[in-house]
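# Residue-level structural notes
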Amino acid sequence: MYNLPNFLNLLFLRKNNRFALVIISLFFLATSLQAQQQDTIPSPKVSNTKFGSLSGKVIDKMSQEEIIGATIKILGTKYGAVSRINGRFKVDLLPAGSYRLRISANGYVPLEKTDVVVSPGRPIDLVVELMQTSVKGEDVIVTANPYEKNIDNITSTLNYSSEEVRRLPGGFEDVVRAISIAPGVAQAQNGRNDLLVRGGAPSENLYLINNIESPNINHFGTQGAGGGPLSFVNLDFVRDVSFSTGGFGVKYGDKTSSVLTLDLRDGRNDGLGGKATISASQFGLNLEGPAGGNGDFLFSARRSYLDFIFRAAGLSFIPTYWDFLGKVHYTLSKNDELTAIGIGVVDYIVQLNRTDSDRINNSQILNNTQYQSLAGVTWKHLWGSGFLVTTLGETSVDYRFKQVNVLEEPIFINNSIEQEINLRSDATFLFSGGSEMTFGGQAKTIHFTTDLSLKQPADSLSLSLADRFYKYALYSQYSSVLFSSLRLNLGGRLDYFSGIATKFYPSLRGALSYSLMNDLTLNASGGRYYQSPSYIWLVANPDNRNLNDIKTDVFVLGIDKFFGDGVKLTAEAYLKNYSDYPASLSRQYLILANTGTGFGGEQDGFSSFGLEPLASRGKGIARGIELSMQKKFSQIPCYGTVALSFNQSRFTAIDGIERPSNFDQTVILNISGGYKFNELWEAGMKFRFATGRPYTPINAVSGDPSFGYQNVSQYNALRLTPSHALDIRVDKRWLFDTWTLISYIDIQNIYNRKNPDAPVFNTATRAIEVQTQLGILPSIGISAEF
């Protein structure tokens, strides 16, 4: 079966390899011509330096109020500014390039901002949040640290800027691909965005876009899980990325493994601007500018061009996707802001059954056509001792799955619509001494419909229904600084889900962070997490309504050491105990923690849809140790991350046998980094090594009734050989007076390692096929920013 990177592999390595070579040649030719032009027109009176502007707002991280009188110093230069009315600052006529900023204010911990890229034509506008200091005394010196602490998520949390995501080799400028190199994150396939966090399943991850929950943020997403080949969130509009892999606070619920929050930036307010891009798989256009009064807007439209390539290559299936994003932000008053966003996604596959070979190929593919939408509005109100954030959001996913046999007869049809309307509100009250209390609530209504049929020799199912579920949550958290060096978080949460028999689920969570010294911190967290069953799991059998919420007890212990010059060392150990996990009553070796990756379909028995009687009798344990060292861009113009994880995850289904999880990669090593030669050239690399995942062999004895089926007596008893790959990327910028041309060459798996994948049975050819994942894949991207 093909996936997105395999599509691109076909583009560059088969029929169109000469086209790729021509583009690469033009890339270097343009560089040469620009250099010649600069060399042949020397003038001591005329500078080739291009200029941009930098502005921003400095606010208190806890109260969200503006900070007046903060000092902004652009390190390594003579430039700087002071925040004035509304906490605003601005630096004009700043030479284009990458900078580090040091922001400080009386009574606050100084902060360092890295990877601030100033370009001609588009001004940069930052939001800087400073934390009040708990250290007293005139002789105490607090070092500026580029690694911000998240009050809600003390342990296991990483923050990324959009620039750090953009430049990652092999990342397709995709947020999910960038965070997949975080410690403890396993990878099922290198052509997929399935997040497998600390032994958890891909259904256990929470996604929030501007405070709006989304069931999935990927094109061609998996129902009931969170994966897909490529994210539909436009990175150009992302301001900050926060990724928590465990120990997150009570504000986040109904998921047990991770929280990914994406905050979109505001549009420019000085005039209309934008960006036109063509990359490895898509082309698009961004626009932004003022929206009248105190408002601004963002808009983007993107389309894949894989359908043109596939038709030219003569392939039997044609994938196409579109995505649209819009955001409007208004400052209503000094204390009130209103933000509205909307995202629309169209994914569809056309199958061309022109020959017998086409019909055989298409019979192995689960056609995944879907239409997604996300919309919402957020009101933020400040008062003297706290603030209120209220969001009303709506998400809808229209799934249209279909798989046929070689005679083009349907064997599986699933037309499902999952629509969620979600209201959430959080009020934070601040007290003296750096303490705060947060109260929050959430109400969600879900309209679920499905028209589903399964026709197989040993299994048949047909149903059509419409139902409405309700989810509610109440939570509260107290956070305080004790003894000037200990931050303590304690919180409780109550969840309600109408779709199952046991409806109420209370949980407690706590975390602490103790500063042993200015640059050494001990962190710990523990608590209980609940997650409701996926909606599709509840409909196949009436008894499935007796499922419980999945229960997970999570404990994390870690230490952070900051060495200065942007270098931080982190060590963490974690333990996750799972219980009440849905498990199959008919396939008693199967627990749904082992499902949800890949493109699904007949090859995995449609297991991710849960189309069989289930019971909450599965349990599991995941544990591990993670070591990571990160260096931010600093005076030494290089950056990088090394992350080493030792993990073990084991689950027990109804048969009572403990087995390795499908996603149990015992050792994972990620190395990524890069070097900025100057404001025009940058190069980076990424290396990933992981021990092999477990898999189940297929019975290969011809004539045996189980021929071609999994040998369940050896379920997850074998392992694939280790996988590894090296990606490299080179970026080049051309600076003009009012716009910037950005280009890159990205080569994935440069030494063409054919990483193994589990064997599958081809029902059309009656043969067992040993598959390998993506080989070498070169790609290019060109953007014009104005």
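What counts and what doesn't
- Residues numbered from 1 in each chain as written.
- Predicted model: local features only at pLDDT ≥ 70, side-chain atom pairs only at ≥ 80, totals over all residues.
- Heavy atoms only, no water.
- Pairing = 2+ DSSP bridges.
- Helix = DSSP H or I, 4+ residues; strand = E, 2+ residues; numbered from the N terminus.
- Axes fitted to C-alpha atoms, helices over the stretch in contact; angles between N-to-C directions.
- 1 Å grid on protein atoms, 1.4 Å probe; cavity = no way out; pocket = protein on both sides within 12 Å on 5 of 7 lines; lining within 4 Å.
- Points joined across faces, edges and corners; volume = space filled by probe spheres on them.
- Nonpolar A, V, L, I, M, F, W, Y, C, P; charged D, E, K, R; others polar.
- Phe/Tyr/Trp six-rings, centres within 6.5 Å; stacked < 30°, edge-to-face > 60°.
- Buried < 20%, exposed > 50% of the residue type's maximum accessible area, 1.4 Å probe, protein only.
- Lys NZ or Arg CZ within 6 Å of the ring centre and 35° of its normal.

The subject of this paragraph is the sheet that holds strand β1 (residues 51-60). The strand order β4-β1-β7 describes an open sheet built from 3 strands, whose pairing is mixed. Edge positions in the open sheet fall to β4 (88-95) and β7 (124-130), since each of these has one partner strand only. On average, each strand axis in the sheet is tilted by 25° relative to the strand beside it, whichever way the strands run. Summarising the sheet, β1 and β4 pair through 6 bridges and their orientation is antiparallel. In the strand pairing of β4, F51 is matched with P95.

This paragraph deals with empty space enclosed by the protein. Enumeration according to the criterion identifies 15 cavities of 30 Å³ or more in this entry. Roughly 460 Å³ of internal volume is contained in the largest cavity. Q187, Q189, N190, R688 and Q773 are, among the 33 residues lining the largest cavity, the residues nearest its centre. If you list the elements that add at least two residues to the lining of the largest cavity, you get α4 (175-179), β36 (681-690) and β39 (723-735). Approximately 370 Å³ is the volume attributed to the second largest cavity. Around the second largest cavity sit 24 residues that line it, and P215, K255, E420, K471 and Y535 are the ones nearest its centre. For the lining of the second largest cavity, the secondary-structure elements that each account for two or more residues are β11 (205-209), β12 (212-214) and β24 (410-431). No other element matches the 3 residues that β11 contributes to the lining of the second largest cavity. Partitioning the lining of the second largest cavity into residue classes produces 8 nonpolar, 9 polar and 7 charged.

Scanning the entire structure with this criterion turns up 24 aromatic pairs. Geometrically, the ring pair formed by F469 and Y535 is stacked, given 5.7 Å between the ring centres and 20° between the ring planes. Of this pair, F469 sits in strand β26 (residues 459-482) while Y535 is found in the loop between β29 (520-531) and β30 (550-564), placing the two residues 66 residues apart along the sequence. Judged by its relative accessible area of 1%, F469 falls in the buried class. Classification of Y535 by relative accessible area gives buried; the value is 6%. With a centroid separation of 5.7 Å and an interplanar angle of 55°, the aromatic rings of Y578 and Y581 are classed as tilted. Looking at Y578, the relative accessible area reads 3%, which means it is buried. You can call Y581 buried: its relative accessible area is 0%. By way of ring pairs, the aromatic residues Y399, F401, F412, F606 and F609 are connected into one cluster. Here the guanidinium or amino end of K561 rests over the ring plane of F563, the centre of that ring lying 5.5 Å away.

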